[in-house]
Amino acid sequence: MAVYALGDRVPEIHPDAYIHPDATLIGSVVIGAGSSVWAQAVIRADDNFIRIGRGSSIQDGAVLHCTEVHETTVGDYVTIGHLAHLEGCQVLDRSLIGTGSIVLHDAVIGPEALVGAAALVPAAMVVPTLAMALGVPARIRENALQKGANDLNFESYMRRAKHYPEQLRRID
């Protein structure tokens, strides 16, 4: 894995977290217990903090960034899908950010909400609890999800993160 300090900004990774060898972490990144960061994901916190809670997965190719004004916060048991981009936003507990989606400055994704694949959540949009944000720009479908609808996603990646450190080996 590529873990870089940037001046006095140093990543903090919980010992129970899994960081894939091909992931990149830079600066003021905090990774919680049981979370995972997968291949080609880039988490770059050069201007502010990026905080990832417990049991969350940052999947392959995702990019998380922040601004001087806005931290990026990912809560507990959140799934950030492949190739997603988060910048200066809050994603609250047990949410799912779909593949290829974008969540911008000051947006808040409520607990157990879902951002659909390839959706664009514009600056300052609030996606309520158990709602879906779909399309470009995203439109909200309130009360579209049942409690626990996103659980299989984070549970699957928590299982993977336990066996990857022991079984992943490079063979070239």
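Everything discussed here concerns the structure shown above.
Let us look at the structure shown here. (Residues numbered from 1 in each chain as written. Predicted model: local features only at pLDDT ≥ 70, side-chain atom pairs only at ≥ 80, totals over all residues. Heavy atoms only, no water.)

With that settled, consider the sheet that holds strand 10 (residues 79-80). Strand order in the open sheet formed by 8 strands is 3-5-7-10-13-16-19-20, with mixed pairing between adjacent strands. The outermost strands of the open sheet, each flanked by one partner alone, are strand 3 (18-19) and strand 20 (139-141). Taken together, the 2 bridges between strand 10 and strand 13 (residues 96-97) define a ladder with parallel strand orientation. If you follow Thr79 over to strand 13, its bridge partner there is Leu96. (Pairing = 2+ DSSP bridges. Helix = DSSP H or I, 4+ residues; strand = E, 2+ residues; numbered from the N terminus.)

For the structure shown, the criterion picks out 5 aromatic pairs. With a centroid separation of 5.5 Å and 75° between ring planes, the pair formed by Trp38 and Tyr157 is classed as edge-to-face. Of the two residues, Trp38 is situated in the loop between strand 5 (36-37) and strand 6 (42-52) and Tyr157 in helix 1 (residues 151-167); the sequence distance between them amounts to 119 residues. Across this residue pair, the class does not change: Trp38 and Tyr157 are buried. Summarising the aromatic geometry, the rings of Tyr77 and Phe154 are spaced 5.0 Å apart at their centres and angled 45° between planes, so their arrangement reads as tilted. With Tyr77 in the loop between strand 9 (72-74) and strand 10 and Phe154 in helix 1, the pair connects residues that are 77 residues apart, well separated along the chain. With a relative accessible area of 22%, Tyr77 lands in the partly exposed category. Phe154 gets classed as buried once you look at its relative accessible area, which sits at 5%. Cation over ring: Arg51 sits above Phe49, and NZ or CZ is 4.1 Å from the ring centre. Note that Arg160 overlies the ring of Tyr157, its terminal NZ or CZ placed 4.7 Å from the centroid. (Phe/Tyr/Trp six-rings, centres within 6.5 Å; stacked < 30°, edge-to-face > 60°. Buried < 20%, exposed > 50% of the residue type's maximum accessible area, 1.4 Å probe, protein only. Lys NZ or Arg CZ within 6 Å of the ring centre and 35° of its normal.)

Evaluation of the coordinates by the stated rule reveals 6 salt bridges. The salt bridge involving Asp172 is made with Arg170; its shortest N-O contact spans 2.8 Å. Take Asp172 and Arg170: they sit in the same class, and that class is exposed. (Salt bridge = Lys/Arg side-chain N within 4 Å of Asp/Glu carboxyl O.)

Now for the pairing of strand 4 (residues 24-31). Here strand 4 lies mainly inside the structure; 7 of its 8 residues are buried. Pairing of strand 1 (residues 2-4) with strand 4, which is carried by 3 bridges, proceeds in the parallel orientation. Counted as the bridge partner of Val3 is Leu25 from strand 4.

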